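# Residue-level structural notes
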Amino acid sequence: MAVREVLRMGDPRLLEEAAPIADLDSEGLHGLVRDLWDTMAAYGGVGLAATQIGVPRRVVVFAVADSPRYPDAEAVPATALVNPALHPMPGDKEEAWEGCLSIPGMRGLVPRYAQLRYTGFTPEGDPVDREVSGFHARVVQHECDHLDGILYPRRIRDLRNFGFEAELVGHPSHVPE
Ligand code: NI
């Protein structure tokens, strides 16, 4: 088990585009995925991208079950996804509040595709192909953005909807998740 340091916004490594994984089912990949799960659990997150621990490779993990950070979010199956590709489905984007382990203590109102299909591989090399919506779709988009060097504040339409979580409770549009 290895809990790694999560880089915080301002670290230039969070702005880099990550490279695809060439060798699926390798010892190095399995070790990276273990570190991502251990680190996500230690920090209490619902998702983590390899770039956030300083590894510029296209690997993300996510899982939602009884998260104190998102108590009302529907469950999302624990998923380690390698070389993901997103395929948005027709329809409007919807806005909801997001946080990020790289931006501790803050939340923003972020538009995301409400429904999408995503593809990729498990660390063992099995293909993944899912159609998802709601919080599952949101988490995947947030984590895959990290692989392109994008942090969620860049997606916020109106920066009045960005601030410290403890203060946003009184914000007119803030609905606790
Ligand atoms: Ni994040």
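Residues numbered from 1 in each chain as written. Predicted model: local features only at pLDDT ≥ 70, side-chain atom pairs only at ≥ 80, totals over all residues. Heavy atoms only, no water.

- Looking at an unreviewed UniProt entry, one finds the chain named Peptide deformylase, with Thiohalorhabdus methylotrophus as its source organism.
- The Sequence similarities (unreviewed entry) comment attached to the chain in UniProt states, word for word, "Belongs to the polypeptide deformylase family." (UniProt positions renumbered as here; feature names shortened; annotations may be inferred.)

## Focus: the UniProt feature "active site" (unreviewed entry) in the chain
- When the UniProt feature table is mapped onto this chain, "active site" (unreviewed entry) is found at Glu143.
- With near-sequence residues (within four places) excluded, Glu143 lies in contact with Gly47, Leu48, Ala49, Gln52, Val60 and Val61.
- Among the polar contacts made by the side chain of Glu143, one reaches the main-chain amide nitrogen of Leu48 at a distance of 3.4 Å. (Contact = heavy atoms within 4.5 Å. Polar contact = N/O pair within 3.5 Å; in protein donor to acceptor, adjacent residues only side chain to side chain.)

## Considering the sheet that holds strand S3 (residues 76-88)
- Here five strands make up an open sheet; going across it, the order is S1-S2-S3-S6-S7 and the pairing antiparallel. The sheet is open, and its two edges are formed by strand S1 (47-49) and strand S7 (127-133), each paired on a single side. Strand-to-strand twist of the sheet, defined as the mean angle between neighbouring strand axes without regard to direction, takes the value 35°.
- Sheet topology places S3 next to strand S6 (residues 115-121); five bridges connect them, and they run antiparallel. Following the sheet pairing, Val82 is matched in S6 by Phe121.
- Together, S1, strand S2 (59-64) and S3 form the strand contacts of helix H1 (residues 27-43), whose direction differs from that of S2 by roughly 40°.
- The strands touched by helix H2 (residues 134-147) are S1, S2, S3, S6 and S7; relative to S2, the strand with the most contacts, the crossing angle is about 155°. (Pairing = 2+ DSSP bridges. Helix = DSSP H or I, 4+ residues; strand = E, 2+ residues; numbered from the N terminus. Axes fitted to C-alpha atoms, helices over the stretch in contact; angles between N-to-C directions.)

## Side note on the coordination of the nickel ion
- Surrounding the nickel ion are the protein donor atoms Cys100 (SG), His142 (NE2) and His146 (NE2), at 2.1 to 2.3 Å.
- Binding-site remark: the nickel ion is held by donors from one chain whose sequence spacing is C-x41-H-x3-H. Placement of the pair is Cys100 in the loop between strand S4 (93-98) and strand S5 (106-113) and His146 in helix H2, with a sequence separation of 46 residues.
- Of the residues examined, Cys100 reaches a relative accessible area of 4% and is grouped as buried.
- Given a relative accessible area of 1%, His146 falls into the buried group. (Donors = N, O, S within 2.8 Å, 3.2 Å for Na, K, Ca; no water. Buried < 20%, exposed > 50% of the residue type's maximum accessible area, 1.4 Å probe, protein only.)

## Some points on empty space enclosed by the protein
- For the structure on display, the rule yields two cavities of 30 Å³ or more.
- By volume, the largest cavity amounts to about 130 Å³.
- Lining the largest cavity are 16 residues, and of these Val46, Tyr70, Gly99, His142 and Glu143 lie nearest its centre.
- With six residues, the top contributor of residues to the lining of the largest cavity is H2.
- The residue makeup of the lining of the largest cavity, split by class, is six nonpolar, six polar and four charged.
- Residue lining of the second largest cavity: Arg69, Gly99, Cys100, Ile103, Pro104, Gly105, Met106, Arg107 and Glu165, and that is the complete set.
- Among the residues forming the lining of the second largest cavity, the class breakdown is four nonpolar, two polar and three charged. (1 Å grid on protein atoms, 1.4 Å probe; cavity = no way out; pocket = protein on both sides within 12 Å on 5 of 7 lines; lining within 4 Å. Points joined across faces, edges and corners; volume = space filled by probe spheres on them. Nonpolar A, V, L, I, M, F, W, Y, C, P; charged D, E, K, R; others polar.)

## Topic: the nonpolar core
- In this structure, Val60, Phe62, Val64, Leu81, Tyr118 and Phe135 are the most contacted members of the largest nonpolar core, which totals 20 residues.
- Elements represented by at least two residues in this core include exactly S2, S3, S6, S7 and H2.
- Top contributing element to this core by residue count: H2, with six residues.
- Non-local contacts of Leu81, meaning those with residues more than four positions away in its chain, are made with Arg58, Val59, Val60, Phe62, Tyr118, Thr119, Gly120, Phe121 and Val128. (Core = buried A, V, L, I, M, F, W, Y, C linked by side-chain atoms within 4.5 Å.)

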